[in-house]
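Here is how the chains run, residue by residue.
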Number of protein chains: 2
Amino acid sequence: MTAKSKVGCYPFLAEPFHCDLTGRLFIGHLGNHLLNAADFHSNDRGFGMNYLNPIHKTWVLSRLAIEMEELPAMYTRFQVETWVENAMRFFTQRNFKIMGMAGTSGLSDVDSQTAPSGEEAPKVYGYGRSVWAMIDTDTRQPADLLAIHDGAIMDYVEVDKPCPILKSSRVKMSEGAQRVRTIDTFYSDVDINGHINSVKYIEHILDLWEAEWHRVHAVHRFEIAYVAESHQGDRLTFYREQTDEKEFCVRITKTESASDVENEVVRSKVSFF
Amino acid sequence: MTAKSKVGCYPFLAEPFHCDLTGRLFIGHLGNHLLNAADFHSNDRGFGMNYLNPIHKTWVLSRLAIEMEELPAMYTRFQVETWVENAMRFFTQRNFKIMGMAGTSGLSDVDSQTAPSGEEAPKVYGYGRSVWAMIDTDTRQPADLLAIHDGAIMDYVEVDKPCPILKSSRVKMSEGAQRVRTIDTFYSDVDINGHINSVKYIEHILDLWEAEWHRVHAVHRFEIAYVAESHQGDRLTFYREQTDEKEFCVRITKTESASDVENEVVRSKVSFF
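What you see is a predicted model; the values in this text were computed from it and never measured.

### Thoughts on the overall build of chain A
Step number 1: Scanning chain A for helices and strands turns up four helices and 10 strands.
Step number 2: With the C-alpha coordinates of chain A rotated into their principal frame, the extents come out at 60 × 50 × 30 Å.
Step number 3: A buried classification covers 58% of the 273 residues belonging to chain A.
Step number 4: When contacts within chain A are restricted to residue pairs at least 6 apart in sequence, long-range pairs at least 24 apart make up 74% of them.
Step number 5: With the model as given, the accessible surface of chain A reaches about 11,700 Å², and the carbon-plus-sulfur share is 49%.

### Quick look at the interface of chain A and chain B
Step number 1: Each partner contributes residues to the interface: chain A has 39 residues there, and chain B has 39 residues.
Step number 2: Taken together, both faces of the contact between chain A and chain B bury some 3,800 Å²; the carbon and sulfur share is 57%.
Step number 3: A per-residue breakdown of the area chain A buries against chain B is headed by A:F17, A:Y187 and A:I192, which together make up 22% of the total.
Step number 4: At the junction of chain A and chain B, the tally comes to two salt bridges.
Step number 5: Where A:E203 meets B:K200, a salt bridge forms, and the shortest distance between an N and an O atom there is 3.0 Å.
Step number 6: Counting only elements with at least two residues in the side of chain A that touches chain B, the list comes to α1 (27–44), α2 (49–52), α3 (198–206) and α4 (211–216) of chain A.
Step number 7: When residues of the side of chain A that touches chain B are assigned to their parent elements, the largest contribution, six residues, is made by α1(A).
Step number 8: Of the residues that constitute the side of chain A that touches chain B, the class distribution is 19 nonpolar, 11 polar and nine charged.

### Observations regarding the side chain of A:D191
Step number 1: Relative to the helices and strands, A:D191 resides in the loop between β6 (178–184) and α3.
Step number 2: Despite its burial, A:D191 pairs with no opposite charge; the closest candidate is A:R140, at 8.1 Å N-O.
Step number 3: Side-chain polar atoms of A:D191 contact the backbone nitrogen of A:N193, separated by 2.9 Å.
Step number 4: Setting aside chain neighbours within four positions, we find A:D191 in contact with A:N197, B:C19, B:D20 and B:L21.

### Points about the nonpolar core
Step number 1: Of all hydrophobic cores here, the largest spans 132 residues; its most connected members are A:I205 and B:I205.
Step number 2: The contact partners of B:I205, leaving out residues within four places of it in the chain, are B:F222, B:I224, B:F238, B:V250, B:I252, B:V266, B:S268 and B:V270.

### Let's talk about unusual backbone geometry
Residue and element names in this part refer to chain A.
Step number 1: Located in the positive-phi region is H56, a residue other than glycine, with phi close to 65°.
Step number 2: Within the secondary structure, H56 is located in the loop between α2 and β2 (57–68).
Step number 3: Judged by relative accessible area, which is 37%, H56 ranks as partly exposed.
Step number 4: With a phi angle near 60°, R140 is a residue other than glycine that sits in the positive phi range.
Step number 5: Within the element layout of this structure, R140 appears in the loop between β5 (124–136) and β6.

### Things to note about the packing of aromatic side chains
Step number 1: Across all of its chains, the model carries 20 aromatic pairs over all chains by this definition.
Step number 2: Ring centres of B:W213 and B:F272 lie 5.3 Å apart, and the angle between their planes is 85°; on these two criteria the pair is classed as edge-to-face. One end of the pair, B:W213, is in helix α4 (residues 211–216); the other, B:F272, is in strand β10 (residues 263–272), with 59 residues separating them in the sequence.
Step number 3: On the basis of relative accessible area, B:W213 is assigned to the partly exposed category, the value being 24%.
Step number 4: With relative accessibility at 6%, the residue B:F272 sits in the buried group.
Step number 5: Grouped by ring-pair contacts, the aromatic residues A:W209, A:W213, A:F248 and A:F272 constitute a single cluster.
Step number 6: The side chain of B:K161 reaches across the aromatic face of B:W83, ending 5.1 Å from its centre.

### Some words on the packing of helix α1 (residues 27–44) of chain B against helix α3 (residues 198–206) of chain B
All names here are of chain B.
Step number 1: Orientation of α1 relative to α3, taken along the N-to-C sense of each, is 160°, at an axis distance of 8 Å. By the criterion of interaxial angle, the relationship of α1 to α3 is roughly antiparallel. Crossing geometry of α1 relative to α3 is assigned as right-handed. Contact residues: α1 offers I27, G28, H29, N32 and L35, while α3 offers S198, V199, I202, E203 and L206.
Step number 2: The residue inventory of the contact of α1 with α3, partitioned by class, reads five nonpolar, four polar and one charged.

Calculation criteria
- Residues numbered from 1 in each chain as written.
- Chains lettered and ligands numbered in written order.
- Predicted model: local features only at pLDDT ≥ 70, side-chain atom pairs only at ≥ 80, totals over all residues.
- Heavy atoms only, no water.
- Helix = DSSP H or I, 4+ residues; strand = E, 2+ residues; numbered from the N terminus.
- Buried < 20%, exposed > 50% of the residue type's maximum accessible area, 1.4 Å probe, protein only.
- Contact = heavy atoms within 4.5 Å.
- Areas by Shrake-Rupley, 256 points an atom, 1.4 Å probe, with all protein chains shown as cover.
- Buried area = accessible area lost by both parts, 1.4 Å probe.
- Salt bridge = Lys/Arg side-chain N within 4 Å of Asp/Glu carboxyl O.
- Nonpolar A, V, L, I, M, F, W, Y, C, P; charged D, E, K, R; others polar.
- Lys, Arg positive; Asp, Glu negative; His and termini not counted.
- Polar contact = N/O pair within 3.5 Å; in protein donor to acceptor, adjacent residues only side chain to side chain.
- Core = buried A, V, L, I, M, F, W, Y, C linked by side-chain atoms within 4.5 Å.
- Phe/Tyr/Trp six-rings, centres within 6.5 Å; stacked < 30°, edge-to-face > 60°.
- Lys NZ or Arg CZ within 6 Å of the ring centre and 35° of its normal.
- Axes fitted to C-alpha atoms, helices over the stretch in contact; angles between N-to-C directions.
- Parallel < 35°, antiparallel > 145°, perpendicular 65-115°, else oblique.
- Left-handed = near helix turned anticlockwise from the far one by under 90°.

From the geometry alone we can't say anything about function, so treat these as descriptive.
In structure tokens form, the structure reads like this:
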């Protein structure tokens, strides 16, 4: 069997400049922590970017859903558990549990790590679900993830750990969606591959609501599907449709420079408390 | 004397989504790490936000200068040393040294922490200098920082540790500065106080150059002076003037909604390799 446990657990801090005007962690930064946890977990088990990049393969995030009862408050130390729920030839599903430190009940105290450890279970902030594909970096075509280390990822599939939130579903939008914003993309938006970074899309989507809306309405569930890549200089246009009292769907299109054609790059659904 | 050493040292990781298209840490994220190091150092010594906020005081960053020989590469573990160089009634100067882990020569390997520790000194990436004021959060007026814990901060002043980069100087701009961009500000731009966050200004300034410029020209020195506060919804206008072959000065003004008046909020100077 395997040397490492199936479930990885990584500590994080809700840093002050990563918190919004309500003093809670921005969803974008939480998303970044989840992606880091995924990266640490897969690197530690031999199927991460460290192993894949030299053999011209990479993981591509296809979908991410985050459902939170509460977001960690500024200075809170929290942890992210992550595990692979299943793996098929071209896709793998990875889950996340976002929780306080053991014995702290999620106290938002910078010293909470040193609090006496009681018997109580750590507070659960929420859960995440993600879907990843593996691609060949030369051809940009899907690659067989079960061929890596003779299917080593299967040794880490954990089917018994609960992740009690709905899977992502296809975000349906009607003709009634309103064009609400167009933005330019800059240097800070792009990652090492020159693509608009997955976390920046999350920020841009949540920026569609005014600060005053966010002051009153915390995000309950955030879902995003990455449909196609965009690059620095592409213009992004945001369409939004309200689908329930506090639920909205968002579609983002890109328009490449010197073009008028819009192509869909992202779909997202956001529900607020 | 004091229970804690004068110099604090904090470990960080150049996370993948915090690296730019060259695979090096974004200056904005480095700035965030420096501010975190300052925060940890002052909290650990009794004059941080944890102590100040309940007594209606806070630190306000007035100036930051970062001068780098090289930026940490993706997955590099590095450390930030920080110390108080001097403290006067209304201002304190805090320095930073950004360096690799001991014995690793700054290897950009996720496992470099476990590399055999040699005798060689850790690689030095660069240094930072900052100036902070303390203000009363009720009146927004300067507060006497030497009155905190009977001037406890003086116990931590470290005058002997070198910080071999120039102090910030007043950024001079002529009438020849060009208006290069106007942007709206959104939810993701503001911090817990509702002000545009210090790190976001750094990102917006570096976004004035195309990704292709950044691919070829790494930032050597970045200086920023925070002149006034701005809020979500303010429009920011950027003026830029080239002052040497690879040196530029930038002024940012804000225009509040329902106003045409521009007020200066930031001055900055950037030099590239």
